[in-house]
Amino acid sequence: MAAKLILSMDGVVLKEHVLSKERTLIGRKPHNDIVIDNLAVSSEHAAIITILNDSFLEDLDSTNGLAVNGMVTKKHFLQNGDVIEIGKYKLKYLNDQPNQATPADFEKTMVLSKTPKQAAPEPGEATGKFGAVGDGAGFGTTTLGKTAPQPTPAAPAQQQASIQILNGPNAGRELELVKSLTTLGKPGVQVAVLAKRPHGYFITHVEGDRFPLVNGESTGEHPHQLNDHDIIELAGVKMEFYFKS
């Protein structure tokens, strides 16, 4: 059963919304997926990114902000029973499916930088095998739509994959894709998620005016399955996706 949000005010349930899209927009204007017609709510107040069984809440620089379980936040990895508060309205998140990722998978974004001036990470901070790790602020407005039909699996499920940087100061460095979700990019510029699924690896656009490129072509708004030796271009950095032998 897909995750859903229960919208209520003063204990009265107003609406139930199933999170069937990879991007669900919450706001005052009619084009939002969940419309809350109240002046305390921004035109586009918040977005929920849903990948596999996991959902991630992001405040879209709203005027009055939001809270989860009474704590003001800008971004939050949603878990079953969480209550999102926007003004006098509450959205209860219900999901009886097991999570594919952990909050830590969303909290860090692997920053891809073309300049050598990037600050060094603090001692003990995870860096993968290239670049520093950012604060994950790259989850912002996006144009994700409904999930497209998935293509034929490109590789056995047990096959491990990596990406290798091809240009810039980090050229030649590699990152093994061991987590269910790996966020890559430059927050505020372009961010994408690489998802490890049972039937392959997929790249999904999360933030930025342009979609990532795979072999020179736009991935579009739907998850794009990666094949061996595909060339990804993200935030001005080129990298090769490949399966490890």
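Described below are features of the structure shown in this document. Treat the numbers as computed from the prediction; the structure is a model and nothing was measured.

Thresholds, definitions, all that
- Residues numbered from 1 in each chain as written.
- Predicted model: local features only at pLDDT ≥ 70, side-chain atom pairs only at ≥ 80, totals over all residues.
- Heavy atoms only, no water.
- Buried < 20%, exposed > 50% of the residue type's maximum accessible area, 1.4 Å probe, protein only.
- Helix = DSSP H or I, 4+ residues; strand = E, 2+ residues; numbered from the N terminus.
- Pairing = 2+ DSSP bridges.
- Phe/Tyr/Trp six-rings, centres within 6.5 Å; stacked < 30°, edge-to-face > 60°.

A few points about the pairing of strand β5 (residues 46–51)
Most of β5 sits out of view: six of its six residues are buried. By the alternation rule, side chains of β5 split into Ala46, Ile48 and Thr50 and Ala47, Ile49 and Ile51, which are all buried. Bridge count between strand β3 (residues 23–27) and β5: four bridges; the pairing is antiparallel. Each bridged residue has a counterpart across the sheet, and for Arg23 the counterpart in β5 is Ile49. Summarising the sheet, β5 and strand β6 (residues 54–59) pair through six bridges and their orientation is antiparallel. Within β6, the residue paired with Ile48 across the bridge is Leu57. Once β5 ends, the chain turns through two residues before running back antiparallel as β6, passing Leu52 with a positive phi of about 55 degrees.

Section: the sheet that holds strand β23 (residues 237–243)
The strand order β15-β14-β23-β22-β19-β20 describes an open sheet built from six strands, whose pairing is antiparallel. The sheet is open, and its two edges are formed by β15 (174–176) and β20 (217–218), each paired on a single side. Judged from the two bridges that link them, strand β19 (residues 213–214) and β20 form a sheet pairing that is antiparallel. Each bridged residue has a counterpart across the sheet, and for Val214 the counterpart in β20 is Glu217.

Quick notes on the packing of aromatic side chains
Per the stated rule, a full pass over the model turns up three aromatic pairs. Aromatic pair Tyr201 and Phe243: ring centres 6.0 Å apart, planes at 65 degrees, arrangement edge-to-face. Taken together, the residues span a long stretch of sequence, with Tyr201 in strand β18 (residues 200–207) and Phe243 in strand β23 at a distance of 42 residues. For the pair formed by Tyr201 and Phe243, the shared burial category is buried. By way of ring pairs, the aromatic residues Tyr201, Phe241 and Phe243 are connected into one cluster.

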